[in-house]
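Listed below are the residues making up each chain.
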Amino acid sequence: MDFVLPPKPRNVDGKLRDAQDLGEIIRKRRKSIGLTQGELAAACHCSVRFISELERGEAGGNIKQVIRVCKEIGIDLFAKVRGE
């Protein structure tokens, strides 16, 4: 029998490991403020499909749209050079 390690916890210290981490944060925030995907899409001038894909970590949209969605629901994004 092969031993399989449990997956590492996501969003440790708020760090994003991949698009799924960001999608999970966006989905939780959207729900906590009581918006549907449709309402968020309308507020951000994008499609419901984009919001759905973004929340699943599958969106291939441009970074401007991602930043607009985060800004609309009150998520601040930071970029930090490792080691500084």
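Residues numbered from 1 in each chain as written. Predicted model: local features only at pLDDT ≥ 70, side-chain atom pairs only at ≥ 80, totals over all residues. Heavy atoms only, no water.

So, about the nonpolar core. Generally speaking, soluble globular proteins have nonpolar side chains that are buried together. In terms of nonpolar packing, the biggest core is built from 14 residues, with Ile26, Cys46, Phe50, Ile51 and Val69 touching the most fellow members. Elements with a minimum of two residues in this core: helix H1 (19-32), helix H2 (37-44), helix H3 (48-56) and helix H4 (63-72). Ignoring any residue separated from it by four or fewer positions in sequence, one finds Ile26 in contact with Leu54, Glu55, Val69, Cys70, Ile73 and Ile75. (Core = buried A, V, L, I, M, F, W, Y, C linked by side-chain atoms within 4.5 Å. Buried < 20%, exposed > 50% of the residue type's maximum accessible area, 1.4 Å probe, protein only. Helix = DSSP H or I, 4+ residues; strand = E, 2+ residues; numbered from the N terminus. Contact = heavy atoms within 4.5 Å.)

A separate point is the environment of Val69. Its place among the elements puts Val69 in helix H4. Linking Val69 and Cys44, residues 25 residues apart in sequence, is a C-alpha distance of 6.0 Å. Excluding residues within four positions of it along the chain, Val69 makes contact with Ile26, Leu40, Cys44, Cys46, Phe50, Ile51 and Leu54.

Moving on to the layout of surface pockets. Approximately 160 Å³ is the volume found for the second largest pocket. Every residue lining the second largest pocket is counted, 12 residues in all, and those nearest its centre are Ala19, Leu22, Leu54, Ile63 and Val66. Looking at the lining of the second largest pocket, the elements with two or more residues in it are H1, H3 and H4. Broken down by element, the lining of the second largest pocket gets its largest block of residues, 3 residues, from H1. Among the residues making up the lining of the second largest pocket, the classes are represented as 7 nonpolar, 3 polar and 2 charged. (1 Å grid on protein atoms, 1.4 Å probe; cavity = no way out; pocket = protein on both sides within 12 Å on 5 of 7 lines; lining within 4 Å. Points joined across faces, edges and corners; volume = space filled by probe spheres on them. Nonpolar A, V, L, I, M, F, W, Y, C, P; charged D, E, K, R; others polar.)

For the rest of this paragraph, the subject is the packing of H2 against H3. Running from N to C, H2 and H3 point in directions that differ by 110°, and their axes come no closer than 8 Å. Compared by their axis directions, H2 and H3 come out roughly perpendicular. As H2 packs across H3, the resulting crossing turns out to be right-handed. Touching Gln37, Gly38, Leu40 and Ala41 of H2 are Val48, Ile51, Ser52 and Glu55, all from H3. (Axes fitted to C-alpha atoms, helices over the stretch in contact; angles between N-to-C directions. Parallel < 35°, antiparallel > 145°, perpendicular 65-115°, else oblique. Left-handed = near helix turned anticlockwise from the far one by under 90°.)

Attention now goes to the environment of Lys71. As for its position among the elements, Lys71 is in helix H4. Separated by 27 residues in the primary sequence, Lys71 and Cys44 have C-alpha atoms spaced 9.3 Å apart.

For the rest of this paragraph, the subject is unusual backbone geometry. Positive phi, normally seen in glycine, also occurs at His45, with a value near 55°. Relative to the elements of secondary structure, His45 occurs in the loop between H2 and H3.

Attention shifts here to the pattern of salt bridges. Evaluated as defined, the whole model comprises 4 salt bridges. Note that Arg49 is salt-bridged to Glu53, the shortest N-O span being 2.9 Å. Of this pair, Arg49 and Glu53 both sit in helix H3, 4 residues apart, which is roughly one turn of the helix. Owing to a relative accessible area of 63%, Arg49 belongs among the exposed residues under this scheme. A relative accessible area of 19% means that Glu53 is categorised as buried. Among the salt bridges present, the one from Arg56 reaches Glu58, with a minimum N-O distance of 2.9 Å. (Salt bridge = Lys/Arg side-chain N within 4 Å of Asp/Glu carboxyl O.)

Remember that the coordinates give geometry; whether it matters functionally is a separate question.
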